[in-house]
Amino acid sequence: MTTGDQRTLTIGAANGAASGLPRQGAAPQPESEPAPRQGLSIPVDPAPPKVRADSPEVRLRRLAGVAAWALVLVLAGVASAIVGLFKVFGDGPDWFTPAFISVGVVGMLLAMMAFATVRFKGVPWIFMAASTVTLLAAFAMLRA
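An account of the accompanying structure is given in this report. Fair warning: this is a prediction, and the values are worked out from it, not measured in the lab. (Residues numbered from 1 in each chain as written. Predicted model: local features only at pLDDT ≥ 70, side-chain atom pairs only at ≥ 80, totals over all residues. Heavy atoms only, no water.)

Looking only at helices and strands, the protein has 3 helices and 3 strands in total. Mapped from its N terminus to its C terminus, the protein presents α and β elements in the order β-β-β-α-α-α. Within the protein, buried positions represent 19% of all 144 residues. A total of about 10800 Å² of accessible surface is found on the protein, and carbon and sulfur atoms cover 68% of it. (Helix = DSSP H or I, 4+ residues; strand = E, 2+ residues; numbered from the N terminus. Buried < 20%, exposed > 50% of the residue type's maximum accessible area, 1.4 Å probe, protein only. Areas by Shrake-Rupley, 256 points an atom, 1.4 Å probe, with all protein chains shown as cover.)

Next up, the structure:
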């Protein structure tokens, strides 16, 4: 059934409602008034949602660059985390555990923000650079 720009898919009961036949014992309705829908009605939009013209496109080169940088950060971060784990359970100072974990969490959040802002031209690179600084801070903590 078409109503304006929106289409509706109606799934009727097994008693003939989908075929438009009246049910037994139901009063006939006048022709000028449409029959009420019976069963499950699901509105179906024929057109896909429109993308706003002012929203920038995702550049695949930029996404690939951010992903490659993030891969390098992850590999270096795993290496520092393994060394940091020995320091946490070994003879590390009291400040080391919360500081090392905090720097790691902040670095991961910054890398996630780079992926969230990959639509914009320079913003993901700023977030990835800040995430790299947190990784360097973790390496500096391992030497202390």
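Now that the structure has been shown, the text picks up again.
In this model helix H1 (residues 60–89) runs 42 Å from its N-terminal to its C-terminal C-alpha over 30 residues, within 8% of the 44 Å that 1.5 Å per residue would give. Turning to H1, its buried residues number three or more, namely Arg62, Val66, Ala70, Leu73, Ala76, Ser80, Gly84 and Lys87. (Expected span 1.5 Å × (residues − 1).)

Another aspect to go through is the packing of aromatic side chains. For the structure on display, the rule yields 3 aromatic pairs. Aromatic side chains Trp69 and Trp125 sit 6.0 Å apart centroid to centroid with 20° between the ring planes, which places their arrangement in the stacked category. Within this pair, whereas Trp69 is found in helix H1, its partner Trp125 is found in helix H3 (residues 123–143), the two being separated by 56 residues in sequence. Ring centres of Phe96 and Phe100 lie 5.0 Å apart, and the angle between their planes is 20°; this geometry places the pair in the stacked category. With Phe96 and Phe100 both in helix H2 (residues 96–116), this residue pair falls 4 residues apart, about one helical turn. Exposure remark for Phe96: the relative accessible area of 0% places this residue in the buried category. In this structure an aromatic cluster arises from ring pairing among Trp95, Phe96 and Phe100. (Phe/Tyr/Trp six-rings, centres within 6.5 Å; stacked < 30°, edge-to-face > 60°.)

What follows covers the packing of H2 against H3. In the contact formed by H2 and H3, the axes pass within 8 Å of each other and the chain directions differ by 160°. Classified by the angle between their axes, H2 and H3 sit roughly antiparallel to one another. Crossing handedness for the pair H2 and H3: left-handed. Between H2, through Phe96, Ala99, Phe100, Val103, Val106, Gly107, Leu110, Ala111, Met113 and Ala114, and H3, the contact on the second element is made entirely by Pro124, Phe127, Met128, Ala130, Ser131, Thr134, Ala137, Ala138, Met141 and Leu142. (Axes fitted to C-alpha atoms, helices over the stretch in contact; angles between N-to-C directions. Parallel < 35°, antiparallel > 145°, perpendicular 65-115°, else oblique. Left-handed = near helix turned anticlockwise from the far one by under 90°. Contact = heavy atoms within 4.5 Å.)

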